[in-house]
Amino acid sequence: LLGVVRNAQRRPAEAATALRRALALQPDSTRATKEMGNALAFQGRFAEAVPLFRTALAREPDNPDIRRALGLALAMSASDRKAFVDARELLSAAVAQDPDNEMLAYSLARLPLRFNDLDGAEKGFRAAVARHPENADAWYQLAVILLRRGDRAGHEAALRRFEALQPSRRKERTSPPDNPP
């Protein structure tokens, strides 16, 4: 599918155009439905992506990637605590289904940041680095959270681990963090 390629190239508007055509020809295509959701999410249109991901998940309920995409779209479009809790439950189920999936663990850890829940975020990132100690981004996020919480020693330790895993990204030590989920 051309839309899949355009999404991979981070050209979501072009992906959406191609995927609309694909869905017109094959409306029951789970892959095209999921990719259309991705194209919308890449454009920041999370609320529009949610129903597409729900449709795809209904067709493939055991697919952790679709569950993750739906959880993230719900989290990004959440306007209240209930929507956030729904997103967290979806991602938690996906992590339980696929505990070795590093991206799922990272995505679940980032969710509390949506509502500035530093306790939840710290807990999530500690779990993510325990499960995936090679995940430099998780170490970086943990360092940022610890700094925001005033734990200077913990911040420095997490930052050293990040720098050991990604020495070329050492400049991020002084760069502002990218925290949105």
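What you are looking at is a predicted structure, and each value in this text was computed from that prediction instead of being measured. (Residues numbered from 1 in each chain as written. Predicted model: local features only at pLDDT ≥ 70, side-chain atom pairs only at ≥ 80, totals over all residues. Heavy atoms only, no water.)

Details of the overall build of the chain
So the rule is basically this: Only DSSP runs of H or I covering at least 4 residues are called helices, and only runs of E covering at least 2 are called strands; the numbering of each starts at the N terminus. Each residue is placed in one exposure class: buried if its accessible area under a 1.4 Å probe, protein chains only, is under 20% of its type's maximum, exposed if it is over 50%, and partly exposed if it falls in between. The contact definition used throughout considers only heavy atoms, calling two residues in contact when any of these lie within 4.5 Å. When charges are tallied, Lys and Arg are placed among the positive residues and Asp and Glu among the negative ones, while His and the ends of the chain are skipped. In plain terms, the charge of a residue is placed at NZ if it is Lys, CZ if Arg, CG if Asp and CD if Glu.
For the chain, the count of helices and strands is 10 helices and 0 strands. Projected onto the principal axes, the alpha-carbon positions of the chain cover approximately 55 × 35 × 30 Å. For the chain, with 181 residues in total, the buried portion stands at 46%. Taking contacts inside the chain between residues at least 6 apart in sequence as the whole, the part at least 24 apart equals 49%. Measuring between centres, the 29 positive side-chain charges of the chain sit 4 Å from its 23 negative side-chain charges.

Some details on helix α10 (residues 152-165)
To be explicit about the condition: Helix span, as expected, comes to 1.5 Å for every residue beyond the first. When we speak of the arc, we mean the arc of directions from the helix axis to the C-beta atoms.
Here α10 spans 20 Å end to end across 14 residues, near enough to the 20 Å set by a 1.5 Å rise per residue. Taken together, the buried positions of α10 are occupied by G154, H155, A158, L159, F162 and E163. An end-on view of α10 places all buried positions within 165 degrees of arc, on one side of the element. Exposed residues pointing more than 90 degrees away from the buried face of α10 are listed as A153 and A164. In this structure, the buried residues of α10 make contact with α9 (136-148).

Topic: the packing of helix α6 (residues 81-97) against helix α7 (residues 102-110)
Selection rule: Here an axis means a line fitted to C-alpha atoms, over the contact stretch when the element is a helix, while the angle between two N-to-C directions is reported on a 0 to 180 degree scale. Here roughly perpendicular refers to angles of 65 to 115 degrees, roughly parallel to angles under 35, roughly antiparallel to angles over 145, and oblique to all remaining angles. Here is the rule for handedness: rotate from the far helix to the near one, and if that takes an anticlockwise turn smaller than a right angle the crossing is left-handed, while a clockwise turn gives right-handed. Three residue categories are used. Nonpolar comprises Ala, Val, Leu, Ile, Met, Phe, Trp, Tyr, Cys and Pro, charged comprises Asp, Glu, Lys and Arg, and polar comprises the others, including Gly.
One can describe the packing of α6 onto α7 by two numbers: an axis separation of 9 Å at closest approach and a directional angle of 155 degrees. The orientation of α6 relative to α7 falls into the category roughly antiparallel. As α6 packs across α7, the resulting crossing turns out to be left-handed. Judged by residue contacts, R88, L91, S92, A94 and V95 of α6 engage L104, A105, S107 and L108 from α7. For the contact of α6 with α7, the residue count by class is 6 nonpolar, 2 polar and 1 charged.

Focus on the side chain of T30
Summarising the element assignment, T30 is placed in helix α3 (residues 30-42). If we ignore the near neighbours within four places in the chain, the residues touching T30 are A56, R59, E60 and I66.

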